[in-house]
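# Structural overview for review
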Amino acid sequence: MSENQTAPGKGGNMLRLERMPHIWCPGCGIGSVVTSFVEAVKRSKLDQDKIAIVSGIGCSGRVAGYVNLDSLHSTHGRAIPVATGLKLANPEMKVVVFSGDGDLTGIGGNHFIHAARRNMDLLVICVNNFTYGMTGGQVTPTTPTSANASTTPYGNYEYPFSLPFLADAAGATYVARWTSLHSRNVIQSIEEGLQKRGFSFIEVITPCTTLYLRRNRLGDGVDALQHYQDNSILKHGADTRETQIDFQGKIVVGKFVDREKPTYLDAVNKCNAKLIGDDYQLYGKTIPEKEAEAEAKKQEGEAKA
Amino acid sequence: MKIVAADPKGVDAGPHFMDGDHAIAEGGLAAGCRFFAGYPITPSTETAERFAERAPEVGAMFIQMEDEIASVAALIGGAWGGQKVMTVTSGPGFSLMMENIGLAVMTETPMVIANVQRGGPSTGLPTLTAQQDMMQARYGSHGDYSIIALSPDSPQECFDLTIEAFNLSEIYRTPVFIMTDETVGHMHEKVVIPPADQIRVVERNLYQGPKEDFRPYGFDSQGDHPMARAGDGYRFHVTGLTHNERGYPVMTPEQNKIVLTHLIEKINGNADKIIRLDEDQMEDAEVVVLSYGITSRIAVKAIQDARKKGLKVGSLRLITVWPFCEEKIRELAKKVKAIVVPEINYGQMVREVERCAAGQCKVVSVNHCGGAVHDPQVILNAIEESCR
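Since we're looking at a predicted model, the values are computed, not measured.

A tally of helices and strands in chain B yields 13 helices and 18 strands. For the C-alpha atoms alone, the extent of chain B along its principal axes is close to 70 × 50 × 40 Å. Looking at the 388 residues of chain B, the share that counts as buried comes to 59%.

See the structure below:
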C-alpha cells in the first residue's frame, strides 16, 4: 500500500489509515465525532475533492491529520481565519473547521464571533470536552463552574460560555448541540451543515476520560455516556439563552437555529455587482451556480434554435 | 520556474503620482495577487484601502479581518486555496503577525507582507518614521529559520520590489517582507507602471503529476518544490508540526534537522541569487556608507558633500536586507578604512556589518531614535571622522 492510498473499511477512503493508530485516549469522544463526520460526508454525496478540513491545536486539532481531505493543521485558535482565507480564495470548496472548546472559544474566541458575524460560509464542529486535553487538563471557557481542572485545583470559580448562545448571538445561521452519545443526530446535523450555505456551528459534548472525568471523579467513558443518556433534554428550537451547562447538570440538545441569511460572499457579490453593473463577474461562483448558469445558457440556445 | 507576463487586469499601466503605500498595493495587483487580508494600522493603511478600492474591478478579494493574527492566518488559507496573497502592517501589527509568519515559514507558504515601519516600542510614534523592526523581520517568530526582506527607498521601488517580493516568495516558497518606513510610505512621487507585457511574474509552481506521488514538501535545500491547490484532488496535509515530505507529523530531532536545514539553506544557500545591492562611487572608496530604505536617500546628500571635500566615499545600498550580504561585507572590509551605517534605530543592521567585517575595518553606527530622518550633517560628520 503506497502512503497515499487508504484501505477500505469503516470510513472507506476518508481516513488516512497509514496514520493510525491515532493519539486519542481510550474512551475519548473525538473519534466518535470523526466517525460521524465521515459518515455524514459519505451520505452528503459531495465531491470529497471539494471539501477541506482545517483545525487548530489540541487533541481535536489532530483531526485534520487523520481525515483524507485537503487538510490544514494550523496554529492555536486560528483554524477559523485560515478556513476563511481558504474559502474566499477558492469558493468552490466546502470548508470545515474541526476544533476543541479551548482552541475555538478561548484563544480563538475573537475569530469565532467574527466569522459568525460575517456569516462566513463555514461548517464549524466543536468537540467540547470542557478541558484543554493536550496540555494536561486546564480550565477552558466552557468548563462548568465548580468543576476541577489542573489550573483550578480548588474548583472553577469562573462563569462558562454557552457556545450555542454565543454562536446564535454572533449571527450563526445554523446552531445545534449534541453529545457523542447522539451519533445519529450528529451525523444528521453535520450533513445539514455541509449542505447549509452560511456559518454553521455544531457543538458535540464529549468525555475526556484521562483528565476531566478522572480529575472530577466521574468514572470512565461509559459513565459519561450514561450521564448523557440520563441528562440530555431534546429541545429543537430551544432559546439558546437557556442552554447553559452546569456541573453534571442537564444538557439541552437539539437543533436550535436554522435560518437563511446572505453569506459573506453573497454580500460581496451583491455590493460589487451594483457597483460595476452588468460587466461584473461574480466572485467565486459555486459549482451549483456554474451548473445552473450552463444549464440556463443551454436552454436559451435550444429555445432560439 | 515559469515566468509569464503580468495579467493586464491588475496592471494600471502609465505614469502616476502616488505614495509608497499605494504603490505597494499596485505592485501586488500587478504581480497577480488576488487576495488581501488586512487590518488597519497607521502608517500602512493606505495600502489596504487602495487594494479594497481596486479589488472589484480586478476581480480580487479583499477582506478586513478582526486582527493581524487573523490576517496572516487567512493568507495561509488563501495561498493553499490557490491565490497569491498579501497584507500590510506596521510595528504593533507586525508583532501580532509573528505567530502565523512562523506557520507560513514552516508550511512553506508563499506570501508578501509589507511593514511600513513607525517608531516604537509599543504604540510609540504611530505617524512618524523609523527602521526599528529590521531584526524583528529576521528573528521575530519563534524557532530557527531564514527569511527574505527587501527595503525600497522610493514609491517607484515600492511598486517594483513588491513584484520582486512576490516572485521570490513563489520561487522559494516563503513569506517575503517589504521593510519600508513611514517616510517612503507617505511620500508622493512619480511612479511609472509598465504595461503588463513588460512585467515579469513568476507563476505558482503547481504539482501536475499522479495523485499518489504528490508530496507537498521536498527537503532538498531549494525552494521550488511544487505546491497543490485545495480542490484539485491531491488531498494535501500541511501542519505547523515538524513533518515529513508527505506533510505528516514526525516529531524527532532527526526530522527537525532535515526540516530546519532545508528552511535555512533554501534561502541562505541561494543568497547570491536573491541579494540585490545598489553600489555607487565604490571604485576608489575608502569609506563606505551602508544604508537602506529612506536613510539611503539622506546618505546621498552626505556622500555628495564629502566628495566635494575630496573624501573618497562610496555608497552601498541594501535593496535586499535579508538574507544579509555577508560575502560582500567580508570582501569590502579588507579594502576600506571604514563602513558607516546610518539607520533609524539604535543599531540593528550594523551588528551584521560588524559581524562580517570582523575587525578588518572600522564600523561606525550612526543612530537615530526615530520620528524623523537623519540630518545629513550627522552622517557627514561620521564620514569625516572615519577618514581621519
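Quick look at the overall build of chain A now. Along the backbone of chain A there are 11 helices and 8 strands. Relative to its length of 305 residues, chain A is compact, with a C-alpha radius of gyration of 20 Å against a globular reference of 19 Å. Seen through its C-alpha atoms, chain A measures out along the principal axes to roughly 75 × 50 × 35 Å. For chain A, buried positions account for 52% of its 305 residues. Taking the contacts inside chain A whose residues are at least 6 apart along the sequence as the reference set, 64% of them involve residues at least 24 apart.

The domains assigned to chain A are domain 1 (12-261) and domain 2 (265-304). Computed from C-alpha coordinates alone, the two centres of domain 1 of chain A and domain 2 of chain A are separated by 35 Å.

Another aspect to go through is the nonpolar core. If you look at the biggest cluster of nonpolar residues, it comprises 211 residues, and the most contacted ones within it are Val54(A), Ile125(A), Ile339(B) and Val340(B). Contact partners of Val54(A), with chain neighbours within four places excluded, come to Ala64(A), Leu72(A), Ser74(A), Ala79(A), Val82(A), Ala83(A), Leu86(A), Val95(A), Val97(A) and Gly77(B).

Once that is clear, we can look at the interface of chain B and chain A. Opposite the 40 residues of chain B that make contact, chain A presents 38 residues. Taken together, the elements giving at least two residues each to the side of chain B that touches chain A come down to strand 3 (33-38), helix 2 (45-58), strand 4 (61-64), helix 3 (68-80), helix 4 (91-106) and strand 12 (237-239) of chain B. Looking at the side of chain B that touches chain A, the element that brings in the most residues is helix 3 of chain B, giving 9 residues. A class-by-class count of the residues in the side of chain B that touches chain A yields 20 nonpolar, 12 polar and 8 charged. Pairing of strand 2 (residues 70-73) of chain A with strand 12 of chain B, which is carried by 3 bridges, proceeds in the parallel orientation. Across the sheet, the residue bridging to His73(A) is Thr239(B), located in strand 12 of chain B.

Our next topic: the domain arrangement of chain B. Residue and element names in this part refer to chain B. The domain boundaries assigned to chain B delineate domain 1 (7-202) and domain 2 (277-387). On a C-alpha basis, the centres of domain 1 and domain 2 stand 27 Å from each other. At the junction of the two partners, domain 1 supplies 23 residues and domain 2 supplies 22 residues. Elements that contribute at least two residues to the side of domain 1 that touches domain 2 include exactly strand 7 (125-129), helix 5 (134-139), strand 8 (148-150), strand 9 (175-181) and helix 7 (182-186).

All right, on to the environment of Gly277(A) then. Mapped onto the fold, Gly277(A) is located in the loop between helix 10 (264-276) and helix 11 (287-304). Classification of Gly277(A) by C-beta neighbours within 10 Å gives exposed; the count is 8.

Residues and elements named next belong to chain A. If you check helix 10, its first and last C-alpha atoms are 18 Å apart, about what 13 residues at 1.5 Å a residue would give, namely 18 Å. Residues Tyr 264, Leu 265, Val 268 and Asn 269 constitute the buried set of helix 10. The arc that holds every buried residue of helix 10, seen down its axis, measures 125°, which confines them to one face. The outward face of helix 10, more than 90 degrees from its buried face, is lined by the exposed residues Lys 270, Cys 271 and Lys 274. Of the surrounding elements, those touching the buried residues of helix 10 are helix 5 (109-118). Phi for Gly 277, located one or two positions after helix 10, is positive at around 90°.

Residues and elements named next belong to chain B. On the basis of which strands lie adjacent, the open sheet formed by 5 strands has the order 13-15-14-17-18 and mixed pairing. The outermost strands of the open sheet, each flanked by one partner alone, are strand 13 (277-280) and strand 18 (362-367). Ignoring strand direction, the axes of neighbouring strands in this sheet form an average angle of 20°. Of the pairings in the sheet, the one linking strand 17 (residues 338-343) to strand 18 comprises 6 bridges and is parallel in character. Residue Glu 343 lies in a different strand from strand 18, and its bridge partner there is Asn 367.

To continue, consider the sheet that holds strand 2 of chain A. Taken in spatial order, the 9 strands of this open sheet run 7(A)-8(A)-5(A)-6(A)-4(A)-3(A)-1(A)-2(A)-12(B), and their pairing is mixed. The two strands at the open ends of the sheet, each matched to only one other strand, are strand 7 (232-234) of chain A together with strand 12 of chain B. On average, adjacent strands in this sheet sit at an angle of 15° to one another, irrespective of strand direction. As paired strands, strand 1 (residues 51-55) of chain A and strand 2 of chain A are joined by 4 bridges and run parallel to one another. Within strand 2 of chain A, the position partnered with Ala52(A) by the bridge is Asp70(A).

Let us look at the confidence of the model for chain A. Looking at chain A, the pLDDT average stands at 93 and 94% of residues meet or exceed 70. Of the regions scoring below 50 in pLDDT, residues 1-11 of chain A engages in 15 contacts with residues more than four places distant in sequence or in other chains.

Attention now moves to the pairing of strand 15 (residues 313-318) of chain B. Residues and elements named next belong to chain B. Burial analysis of strand 15 places 6 of its 6 residues in the buried class, the great majority of the element. Along strand 15, one buried face is formed by Val 313, Ser 315 and Arg 317 and the opposite face, lined by Gly 314, Leu 316 and Leu 318, is buried too. In this structure, strand 13 lies alongside strand 15, joined through 4 bridges in antiparallel fashion. What sits directly across from Glu 279, in strand 15, is Leu 316. Across 5 bridges, strand 14 (residues 287-291) lies against strand 15 in parallel orientation. Residue pairing for strand 15: Val 287 is matched across the bridge by Val 313. Once you follow strand 14 into helix 10 (residues 294-308) and on to strand 15, the crossover reads as right-handed.

About the criteria used
Residues numbered from 1 in each chain as written. Chains lettered and ligands numbered in written order. Predicted model: local features only at pLDDT ≥ 70, side-chain atom pairs only at ≥ 80, totals over all residues. Helix = DSSP H or I, 4+ residues; strand = E, 2+ residues; numbered from the N terminus. Buried ≥ 20, exposed ≤ 12 C-beta atoms within 10 Å, placed from the backbone. Rg over C-alpha atoms; globule rule 2.2 N^0.38 Å. Contact = placed C-beta atoms within 7 Å. Domains from an automatic or database assignment. Core = buried A, V, L, I, M, F, W, Y, C linked by C-beta atoms within 7 Å. Nonpolar A, V, L, I, M, F, W, Y, C, P; charged D, E, K, R; others polar. Pairing = 2+ DSSP bridges. Expected span 1.5 Å × (residues − 1). Arc of directions from axis to C-beta. Axes fitted to C-alpha atoms, helices over the stretch in contact; angles between N-to-C directions. pLDDT = per-residue confidence, 0-100. Right-handed = clockwise from strand over helix to strand, strands pointing away.

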